[in-house]
Amino acid sequence: MNYISLINIGYGNIVSANRIISIIGPESAPVKRMIQEARDNGRLIDATCGRRTRAVIIMDSGHIVLSAIQPETVANRILDKNIMPRAAGAENEQPDESE
C-alpha cells in the first residue's frame, strides 16, 4: 500500500517525505551553484519565509526546496515518523567502552 507522508520543513511549509532524495547544508560552492541553476530553470522552491537558508532539500522531481531549519532537524522529523528506516543495526549499537 502506497501512502503519502508529509513532513513540516518550518513555518507552516510541508513537503512529501517520500519524495526527498537528500537533505544538505547550503554552505558549499557546488550547492550554491545547484541552487542558482534551479532558480534559473524554475525548479527552486523557497520555503524560508525570508529567513536564512539552513537546509537544501533535493526532491526526486528535480526540484530544490530551501528551508530555514537545520538539516538534522528535518532528518529527525522524518525518522521520528518512521518514514524511512534507520541504518541497519543502528538501534543495536553499543558505545565503545575500550577508550
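The structure displayed is predicted, hence computed values, not measured ones.

### Some thoughts on the environment of Ala68
The residue Ala68 is located in the loop between β6 (64-67) and α2 (71-80) in this model. Once the C-alpha coordinates of Ala68 and Ala47 are considered, the two residues, 21 residues apart in sequence, prove to be 7.3 Å apart. The residues contacting Ala68, other than those within four sequence positions of it, are Ile9, Tyr11, Thr48, Arg51, Arg52 and Arg54.

### Remarks on the nonpolar core
Core analysis: the largest hydrophobic core is formed by twelve residues, namely Ile7, Ile9, Val15, Ala17, Ile20, Ala47, Ile57, Met59, Val65, Ile69, Val74 and Ile78. Secondary-structure elements contributing two or more residues to this core are β1 (6-10), β5 (55-59) and α2. For Val15, the contacting residues outside a window of four places in its chain are Ser5, Leu6, Ile7, Ile9, Ile20, Met59 and Val65. Within the second largest apolar cluster, eight residues are counted, among which are Val31, Ala38, Ile64 and Leu66.

### Examining the sheet that holds β6
Spatial strand order, β3-β5-β6-β4: four strands in an open sheet with mixed pairing. Looking along the sheet, the strands with just one partner apiece sit at the ends: β3 (20-24) and β4 (44-46). Strand-to-strand, the axes of this sheet are offset by a mean angle of 20 degrees, without reference to chain direction. Alignment of β3 against β5, held across four bridges, turns out to be antiparallel. Across the sheet, residue Ser22 finds its bridge partner in β5, namely Ile58. Sitting on the sheet, helix α1 (residues 29-41) touches β3, β4, β5 and β6, and the angle it makes with β6 is about 115 degrees. Contacting β3 and β5, α2 runs over the sheet at an angle of about 145 degrees to β3.

### Remarks on a nonpolar patch on the surface
Nonpolar side chains collect at one region of the surface, where Ile4, Leu6 and Ile14 lie side by side and expose about 330 Å² of accessible area between them. Looking at the secondary structure, you find Ile4 in the segment before β1.

### Structural notes on the pattern of salt bridges
Oppositely charged side chains can form a pair if their charged atoms are brought close together. By the definition in use, this model includes one salt bridge. Here Asp60 ties to Arg19 by a salt bridge, and the two come within 2.8 Å at their closest N and O atoms. In this pair, Asp60 sits in the loop between β5 and β6 while Arg19 sits in the loop between β2 (13-16) and β3, placing the two residues 41 residues apart along the sequence. Its relative accessible area of 40% is what places Arg19 among the partly exposed residues.

### Observations regarding the environment of Tyr11
Within the secondary structure, Tyr11 is located in the loop between β1 and β2. Note on Tyr11: relative accessible area 46%, which makes it partly exposed. Between the C-alpha atoms of Tyr11 and Ser67, which are 56 residues apart in sequence, the distance is 9.1 Å. Of the polar contacts made by the side chain of Tyr11, one reaches the side chain of Arg51; its length is 3.1 Å.

So, how was this worked out
Residues numbered from 1 in each chain as written. Predicted model: local features only at pLDDT ≥ 70, side-chain atom pairs only at ≥ 80, totals over all residues. Heavy atoms only, no water. Helix = DSSP H or I, 4+ residues; strand = E, 2+ residues; numbered from the N terminus. Contact = heavy atoms within 4.5 Å. Core = buried A, V, L, I, M, F, W, Y, C linked by side-chain atoms within 4.5 Å. Buried < 20%, exposed > 50% of the residue type's maximum accessible area, 1.4 Å probe, protein only. Pairing = 2+ DSSP bridges. Axes fitted to C-alpha atoms, helices over the stretch in contact; angles between N-to-C directions. Patch = residues over 30% accessible without salt bridge, like charges linked within 9 Å, V, L, I, M, F, W, Y side chains within 5 Å. Areas by Shrake-Rupley, 256 points an atom, 1.4 Å probe, with all protein chains shown as cover. Salt bridge = Lys/Arg side-chain N within 4 Å of Asp/Glu carboxyl O. Polar contact = N/O pair within 3.5 Å; in protein donor to acceptor, adjacent residues only side chain to side chain.

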